[in-house]
Each structure stands twice: as structure tokens, then as C-alpha cells.
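# Observations on chain architecture
Chain residues, written in single-letter form:
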Amino acid sequence: MEQDLRTAIKTRALALHYQPLFTIQDQKILGFEALLRWRHAERGYISPTEFIPLAEETGMIFGLGEWVLEQACADALAWGGGRKIAVNLSSIQFRDPNLPATIGAIIKRSGLPADRLELEVNAGVLIEDTDAVMGMLVEIRALGVRISMDDFGTGFSSLSSLKRFPFDKIKIGRAFVSQLLADNEDGVTVKAILALGHSMGMVASAEGVESAEQFDYLHLEGCDEAQGFLLGRPMPFEYALALCNVPDVTGSEQQISTLDGH
Ligand code: C2E
Ligand code: MG
Ligand code: MG
Ligand code: MG
């Protein structure tokens, strides 16, 4: 698989798909999250959960991460409209002290205004070399880029990780959102995360919204943004571009979600 992945990177068999991010209040597309896909000749699209760990173990993540950022910035420039692009960073990328400079150079070359870029990191990043990572996050933020805490509530995330760095956005992990109405305790947890995020001046976003009931609950509780199969699946660039040109997206959701190239 390692050799296959090397070849895939070389032959550009990797592609970025884009999942729309919606504002909850007025249900508008505020941007897209770039999600890596491997177009495998026999196996179809392979999920990043299968090959990102391999890229991390082998060091391929450094080159791959740069390619993702370049491609995502170029694509975001193409769909215009001030829409944001969210790009995931691996905690391994923070082992390269040049990461902030690299990100700065890519943004500059791309011509994308830095405030249209959001970088998503998960709490795992903060358990590595905390001081070094902190310094890098500050440098990256100084470029004008926003930084989101991804998958909050899962893995290594903790309250202290939120306190240590002033994240711009907190993304509530899918594990909580999916159980929202089935499990009352998750409702309590989501409310608490929303209160915490807002009191710390962060935008709150919910991942993995799959039902109208979940969406309504989040709306009622004052969550700012939502992302999930209910609203739109990750889709190839061309579909994302087309979606940007649909004047009123609400109402065409059903149609859009069947366009999934996944
Ligand atoms: P993530 O950043 O938390 O991305 C959200 C994941 O949830 C995506 O999985 C997306 O397809 C999935 N998702 C979105 N809405 C729903 C929903 O309503 N229901 C369900 N069941 N799933 C939903 P995906 O694309 O398989 O990516 C998995 C993870 O791989 C990402 O989690 C991210 O951590 C990582 N990843 C993806 N692309 C990249 C990349 O370019 N670089 C790095 N370093 N990591 C990436
Ligand atoms: Mg993410
Ligand atoms: Mg993640
Ligand atoms: Mg996430």
C-alpha cells in the first residue's frame, strides 16, 4: 500500500473533494472543507482515514500536505464569492519548524486572501511538543489565517487544550452530533461545548449533521455553523463550483446530495 500511495501521489491519483459548510441561521454556504480522496483503479475512492496514517508514518504527509494546501487555495480562488476554504493539517506536519513559512509562501503564491483560509487541527497537535506547536500556531495565525479545533470532544481534546491557544472556531465532533437526540447526555454535552466555545469567543460549528432534527436542535441551541450529509456530501470540485452558482441553495439540497462522487 505504501508503494501504491507513492505512485498515486506521483501520478496525481489523489483528488480533493469539497464538503459545504453552512451557516445555521440563514442556511447559506460560507465555504467548503477540503477532504482528500484517493482514486484507486480497483477500489474506487479510498477514505483518508485509511491512507493518512500511512502518509504520516512514512513522512509522505509533508509533501502531500503542501499539495493539498496549494490545490485547495487555487480551487477556492476559482469559486470566489468570498467563500472560505477549510484545510486539515496533520499534527505530524508541525514537526517541521518551517511549516508557518511554507504556509505563508503557498498563500502568497496562490493569491488567495489569507482570511479566506481556515486550518483545522485536532487536539492531538497540542500533546506533541506543546511550546513549539504553540509558537507555530501563533505564527500561522499572524499570517491572517483562522485556526479551528477539529473534532472537539474526541481523542485527546480537553478543556486545557482550548485554553492554551485562542482558536477561532470549535468544531463539535460527529460522535456527539450523531447521538444528539438518541442520547440525552449528548444533548447536555453539546450545550456545554456551545456555551464554552461562545464564552471563549469562538465560532461554534457542528460536524456530521445527518438529520433535520439534529439541525433544528443545533439551531435552537445557538450553534453557528453546520456540516453534514443532510446539507451536502463531499463532492468533486466541479460540483462545488456549480453549487456556488446556485442562487438559493436551500431547497436544492436533495438534488445536490445525490451528486456525491464519493
Ligand atoms: P475531519 O476533518 O473531521 O472531516 C470530516 C469527516 O466526516 C470527513 O470524512 C467527512 O466525509 C465526514 N462527514 C461529513 N459529514 C458527515 C456526516 O453527516 N456523516 C458521516 N458519517 N460522516 C460525515 P473523510 O473525508 O473520510 O475524512 C476523515 C478524516 O481524514 C478527516 O476528518 C481528517 O481528519 C482527515 N483528512 C481528510 N483530508 C485530509 C487532508 O487533506 N489532510 C489531512 N491531514 N487530513 C485529512
Ligand atoms: Mg476537518
Ligand atoms: Mg480531523
Ligand atoms: Mg472533524
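To be clear, the structure that these remarks concern was listed above.
What you see as residue numbers is a count from 1 along each chain, following the sequence as written. Chain A is the first chain written and ligand 1 is the first ligand written, with later ones labelled in order. Totals for whole chains, interfaces and linings use all residues, but because this is a predicted model, local features are given only for residues with pLDDT of at least 70 and pairs of side-chain atoms are given and counted only at 80 or more. Just so you know, side-chain values use all the structure's heavy atoms and leave hydrogens and water out.

## Considerations on the side chain of E207
What counts is decided by this rule: Counting from the N terminus, the helices are DSSP H or I runs at least four residues long and the strands are E runs at least two residues long. Three labels apply to residues, based on accessible area from a 1.4 Å probe with only protein chains included: buried if under 20% of the type maximum, exposed if over 50%, partly exposed otherwise in between. For the purpose of counting charges, residues Lys and Arg are taken to be positive, whereas Asp and Glu are taken to be negative. His and the chain ends are not included. Each reported salt bridge corresponds to a side-chain nitrogen of Lys or Arg within 4 Å of a carboxyl oxygen of Asp or Glu. Contact criterion: two residues are considered in contact whenever any of their non-hydrogen atoms come within 4.5 Å of each other.
Following the sequence through the fold, E207 ends up in the loop between β8 (203-206) and α10 (212-220). No salt bridge is formed by the buried E207; the nearest opposite charge belongs to K171, separated by 4.1 Å. Setting aside residues no more than four positions away along its own chain, E207 makes contact with D150, D151, K171, I172, G173, R174, V177 and Q227.

## Observations concerning the coordination of the magnesium ion (ligand 2)
This is how it is decided: Donor atoms (N, O, S) are those found within 2.8 Å of the metal centre, with the cutoff raised to 3.2 Å for Na, K and Ca; water is not part of the atom list, so apparent gaps in a site can occur.
Looking at the magnesium ion (ligand 2), the protein donor atoms are E33 (OE), N88 (OD1), E120 (OE) and D150 (OD), and they sit 2.0 to 2.3 Å from it. Here the donor residues for the magnesium ion (ligand 2) map to a single chain with the spacing E-x54-N-x31-E-x29-D. If you look at the magnesium ion (ligand 2) and the magnesium ion (ligand 3), they sit 4.2 Å from each other and are both ligated by D150. Separated by 62 residues along the polypeptide, N88 in strand β4 (residues 84-88) and D150 in strand β6 (residues 146-152) bring together distant segments of the chain. Since its relative accessible area comes to 29%, N88 is described here as partly exposed.

## Examining the coordination of the magnesium ion (ligand 4)
Octahedral metals with six donors have ideal donor angles of 90 or 180 degrees. Tetrahedral metals with four donors have an ideal donor angle of 109.5 degrees. Around the magnesium ion (ligand 4), the protein contributes the donor atoms D150 (OD), D151 (OD), E207 (OE) and E207 (OE), at 2.0 to 2.5 Å from the metal centre. Along the chain, the residues donating to the magnesium ion (ligand 4) fall in the pattern D-D-x55-E. Between the magnesium ion (ligand 4) and the magnesium ion (ligand 2), a separation of 3.8 Å is found, and both are coordinated by D150. Remark: E207 occurs in the loop between β8 and α10 and D151 occurs in strand β6; sequence separation between them is 56 residues. Exposure remark for E207: the relative accessible area of 11% places this residue in the buried category.

Nothing here speaks to function; it is all geometry.
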